[in-house]
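A closer look at the structure
These are the residues of each chain, in order.
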Amino acid sequence: MSSHREAPEISQDPVADSADLYAFVSPDAPNTVTLIANYVPLQSPAAGPNFWEFGEDVLYEINIDNDGDGRADVTYQFRFKTELGNNNTFLYNTGPIQSLDSPNWNRKQFYDVTRISKGYSQKLGAHLPSPPCNIGPLSTPNYSKLAQDAVRDLGGGRKVFAGQRSDGFYVDLGAIFDLGRLRPFDAAHNNFGLAKLVNSGGVNATKDLNVHTIALQVPISDLTRGGYNAKDVNNPAAVIGVWTAARRQQVKLWDDVKRRHEYSGPWTQVSRLGNPLVNEVLIPMSRKDEWNHSQPSDDKNFAQFVTKPELAGLLPVLYPGAFPNLDALNKSGKSRDDLAAVLLTGLPSGVVNGFQNNTGHIQADMLRLNTAVPPAMKPNILGVVGGDLAGFPNGRRVYDDVVSIELRAIAGVTFSLIDKNFKPDAVAGQLTDGLTPANLDIQFMPHFPFLGVPHDGFDTPAK
């Protein structure tokens, strides 16, 4: 998935696992940018009595680079604290939770938000409530209102939300990791002499699952170099790089007297995420943990896996005869500088008419957002590949079909942008795992925080 269980170490630490990252100019407030970082992936809604929550011992961050060096110029930090109302019950709630201060809700979480820039730390919000998990119609009878009440105004055109949401990322994970199968193209797959495969639609592996979301909506001028907030797409100051990270303190000890864990030492990064699927699909197993601990500014150390992607070499093998041009490109030894531009530096001016999101020569895995590109009136889930300059890889919106976009890019569709003599294979521009928000009936919200109401534990997966 985008970054769910993408590395051996973090797969054992879900509360610190960066699952998805989104950054886009807000359609409900076009002078702002919405930043969404998801954690705690693959949540079963029926998870009582210990329902999902953020980690008290985790420092969550959303980082902004606005000068192209792959280092944070603006950081938003989030720390969570859990408070028990009744020490003598095993229950998460002892009656209906109809408000965020309900005495029936036994295990509440609160959080602080801090903005750090140029060495200056500013507390934007303190002891802000996170809503409960969506338990069921008796325990959380009006969940939408609970979640909306948890959207808090930080002043100055800023909003924040932190709590459970429906996972908006869609992917046929079961097929893709069954030796690179794409169900809509199964009949062409090299089936290794096993049962004959037949084309079919995709199956969404994240159906009915939830995540924990940290969402911010802040003025564009809070993020850009020098507070730039104009509509010149070609101005480098309009472009920001975004990534999310989670940190833990280096020492964890059990205190036998206090009967609890104690934490000390400096904070160390255990998870990060910029572009979707980079660590998931491009970084080899032996270096995935190393990638999570490293900084975007050091991504030159991993660039070889972007410019020589393993999946590009596998496609002609898995689908014999379908990718002759990609096969020839692979055998030529040419560097996939198109993928390096999309994922590590941004697209320079002149590659796509009327667009650029280039941050310079430093190779760094970040979502790159040109804040001068307005929200699309008629969005295309294929983003820039589909002619919609407000979509991925110009940032990422919650409904963008990043699996299809990146599959097509790896298959060679974007190489023709830098080499006019290269003709992508016909099937390359059709690659998909067979999923779209429409055929999955995913319910996104038209306003902040955009991700839909989480699935409740009573009705899911029983319905």
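Before reading on, note that the structure itself is shown above.
Residues numbered from 1 in each chain as written. Predicted model: local features only at pLDDT ≥ 70, side-chain atom pairs only at ≥ 80, totals over all residues. Heavy atoms only, no water.

Details of the pattern of salt bridges
This model, assessed by the stated rule, comprises 19 salt bridges. Residue Lys331 pairs with Asp327 through a salt bridge whose shortest N-O separation is 3.1 Å. Residue Lys331 and its partner Asp327 are both found in helix 7 (residues 324-332); the two are separated by four residues, about one turn of the helix. Its relative accessible area of 68% is what places Lys331 among the exposed residues. Classification of Asp327 as partly exposed rests on a relative accessible area of 26%. Between Asp400 and Arg397 there is a salt bridge; the shortest N-O distance is 2.9 Å. In terms of burial, Asp400 and Arg397 fall into one category: buried. (Salt bridge = Lys/Arg side-chain N within 4 Å of Asp/Glu carboxyl O. Helix = DSSP H or I, 4+ residues; strand = E, 2+ residues; numbered from the N terminus. Buried < 20%, exposed > 50% of the residue type's maximum accessible area, 1.4 Å probe, protein only.)

Things to note about helix 8 (residues 337-345)
Extensive coverage of helix 8 is indicated by the burial of eight of its nine residues. Buried within helix 8 are the following residues: Asp338, Leu339, Ala340, Ala341, Val342, Leu343, Leu344 and Thr345. Buried residues in helix 8 make contact with helix 3 (278-282), helix 5 (304-307), strand 12 (367-370) and helix 9 (402-410). Of the residues trailing helix 8, Gly346 is marked for its positive phi of about 85°. (Contact = heavy atoms within 4.5 Å.)

Some thoughts on the packing of helix 6 (residues 310-318) against helix 7
Closest axis-to-axis distance for the helix 6/helix 7 pair is 9 Å, and the angle between their directions is 135°. Classified by the interaxial angle, the pair formed by helix 6 and helix 7 is oblique. Our pair here, helix 6 against helix 7, has a crossing hand that is left-handed. For the pair formed by helix 6 and helix 7, the contact residues are Ala312, Gly313, Leu315 and Pro316 on the first element and Leu326, Asp327 and Asn330 on the second. Taken together, the residues of the contact of helix 6 with helix 7 sort by class into four nonpolar, two polar and one charged. (Axes fitted to C-alpha atoms, helices over the stretch in contact; angles between N-to-C directions. Parallel < 35°, antiparallel > 145°, perpendicular 65-115°, else oblique. Left-handed = near helix turned anticlockwise from the far one by under 90°. Nonpolar A, V, L, I, M, F, W, Y, C, P; charged D, E, K, R; others polar.)

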